[in-house]
Amino acid sequence: MGREKAYIVGFPPGGYFGIQSPRVCIKAAEASWDKDDLPPDRHAGLLAIVKQGAPLRLRRAVQQFAHYFHREMGFDFIQYELTEADDYEAFVWHEPHDLDDNGTIGLVGACCFRTRRYKELGTLRALQWIWLHPYRRRRGLLKNAWPYFEKRYRRFDVEGPLSPGMTAFIKKTNFPIWDKEWQLATGMPSPPEQE
Ligand SMILES: CC(C)(COP(=O)(O)OP(=O)(O)OC[C@H]1O[C@@H](n2cnc3c(N)ncnc32)[C@H](O)[C@@H]1OP(=O)(O)O)[C@@H](O)C(=O)NCCC(=O)NCCS
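This structure is a prediction, so every number in the text was calculated from the model and none was measured.

Q: Honestly, the pairing of strand E3 (residues 89–99) in this entry has me stumped. Any pointers?
A: For a regular strand, side-chain orientation follows a simple rule: the groups alternate between the two sheet faces. Pairing analysis gives four bridges linking strand E2 (residues 46–50) to E3, with the strands arranged antiparallel. Across the sheet, residue Ala48 finds its bridge partner in E3, namely Val92. Sheet topology places E3 next to strand E4 (residues 104–118); seven bridges connect them, and they run antiparallel. Each bridged residue has a counterpart across the sheet, and for Trp93 the counterpart in E4 is Gly109. Two successive antiparallel strands, E3 and E4, enclose a turn made up of four residues, where Gly103 displays a positive phi of approximately 80°.

Set out below in structure tokens:
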């Protein structure tokens, strides 16, 4: 069995209701940023960018958070798989104090942007999912990273269905999204159709 397959066995660790913080090597995380990717202010709280071909530990960490997202939200499929070849860009958040002597640091969440084609708008990035550890919510992690995402992608979509927390976040930031429920609630124009 290859290394990537072996990781699936007993994954994620901690049992169905357990949440464990995956650890990644700080050096690998730093190396994930290309010059063009690098957010100006110490990564806007983001530790690493994770794309196809990123180090396995980083991709595995994103997959672990995708599992937690899936469990909490009750969606019928897991939205990220570490071997996938899609043109995605994921980001991970870390716990700054959780650094050990081996140069690894604990992570507290991830999000994933996908490329989508819209009839009216052409190709855009869309935030497909985001999951932050419950103990680290409402501390401004997403708020601090949001300007970086807006700068990086200019216009992007946030895919629904939105959780109550994400709905509140979007409302607070006045970010224009096209989710149908949001549209009904706000009377915003029709959402564009994905091709
Ligand atoms: C939704 C989520 C991504 C928000 O990230 P976050 O880092 O906790 O949000 P922030 O701390 O940056 O919130 C900024 C503002 O958004 C609003 N907000 C965010 N989450 C909220 C919530 N659960 N309830 C009410 N308002 C909320 C608040 O106005 C908040 O400012 P305040 O805390 O000063 O009042 C995070 O809570 C999460 O991972 N939830 C579980 C998974 C999930 O719902 N994913 C989205 C699926 S669509």
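There's more to say after this.
Q: Looking at this structure, how should I read the nonpolar core?
A: Within soluble globular proteins, side chains that are nonpolar generally end up buried alongside one another. Formed by 34 residues in total, the largest nonpolar core has its most connected members in Val50, Val62, Val92 and Ala110. Among the secondary structure elements, those contributing two or more residues to this core are E2, helix H3 (56–73), E3, E4, strand E5 (122–132) and helix H4 (141–153). Excluding residues that lie within four positions of it along the chain, Val62 makes contacts with Val50, Tyr80, Ala90, Val92, Ala110 and Cys112.

Q: Sorry if this is basic, but what is going on with the site of the ligand here?
A: For the ligand, the set of nearby residues contains 18 residues, the closest of which are Arg137, Lys143, Ser163, Gly165 and Ala168. Those elements giving two or more residues to the shell around the ligand turn out to be E5, H4 and helix H5 (164–173). Top element by residues in the shell around the ligand is H5. It accounts for five residues. For the shell around the ligand, the class distribution of residues is nine nonpolar, three polar and six charged.

Q: Quick question: what am I supposed to make of H4 here?
A: With 13 residues, H4 should cover 18 Å at 1.5 Å per step; its first-to-last C-alpha distance of 18 Å lies within 8% of that length. Pro147 marks the point of greatest bend in H4, at about 30°. For H4, the set of buried residues is Leu141, Leu142 and Phe149. Of the residues flanking the end of H4, it is Arg154, one or two places downstream, whose phi is positive at about 55°.

Q: What's the story with the confidence of the model for the protein in this structure? I'm lost.
A: Overall, the predicted model of the protein reaches an average pLDDT of 86, with 83% of residues at or above 70. Looking across the protein, the model is least confident in helix H1 (residues 3–8), with a mean pLDDT of 54, and most confident in strand E1 (residues 23–25), with 97.

Q: Which parts of the structure should I look at to understand unusual backbone geometry?
A: Negative phi characterises most residues that are not glycine, and trans characterises most peptide bonds. Of note, the amide linkage connecting Gly160 to Pro161 takes the cis form, showing an omega dihedral of 0°. Positionally, Pro161 belongs in the loop between strand E6 (156–158) and H5. Notably, Arg154 is not glycine yet its phi reads approximately 55°, a positive angle. Following the sequence through the fold, Arg154 ends up in the loop between H4 and E6. C-beta crowding within 10 Å serves as the criterion here: with 9 such atoms nearby, Arg154 is assigned to the exposed category. One non-glycine residue, Asn174, lies in the positive phi region at around 60°. Looking at the secondary structure, you find Asn174 in the loop between H5 and helix H6 (180–186).

Q: Could you clarify how one ought to interpret H3 in this entry?
A: Given 3.6 residues per turn, any residue in an α-helix points the same way as the ones three and four places further on. In a regular helix each residue adds 1.5 Å, so 18 residues correspond to 26 Å; H3 covers 25 Å between its end C-alpha atoms and thus fits that length. Phi turns positive one or two residues past the end of H3, at Gly74, with a value near 70°.

Q: Mind showing me how you'd approach the pairing of E5 here?
A: Summarising the sheet, E4 and E5 pair through 10 bridges and their orientation is antiparallel. Bridge pairing in E5 links Cys111 to Ile130. Relative to E6, E5 is paired through three bridges, and the arrangement is parallel. Residue pairing in the sheet places Arg125 in a bridge with Phe156 of E6. In terms of handedness, the path from E5 via H4 over to E6 forms a crossover that is right-handed.

Scoring rules and cut-offs
- Residues numbered from 1 in each chain as written.
- Predicted model: local features only at pLDDT ≥ 70, side-chain atom pairs only at ≥ 80, totals over all residues.
- Pairing = 2+ DSSP bridges.
- Helix = DSSP H or I, 4+ residues; strand = E, 2+ residues; numbered from the N terminus.
- Core = buried A, V, L, I, M, F, W, Y, C linked by C-beta atoms within 7 Å.
- Buried ≥ 20, exposed ≤ 12 C-beta atoms within 10 Å, placed from the backbone.
- Contact = placed C-beta atoms within 7 Å.
- Near = placed C-beta within 6 Å.
- Nonpolar A, V, L, I, M, F, W, Y, C, P; charged D, E, K, R; others polar.
- Expected span 1.5 Å × (residues − 1).
- Bend = angle between axes of the 7 residues up to and from the residue.
- pLDDT = per-residue confidence, 0-100.
- Right-handed = clockwise from strand over helix to strand, strands pointing away.

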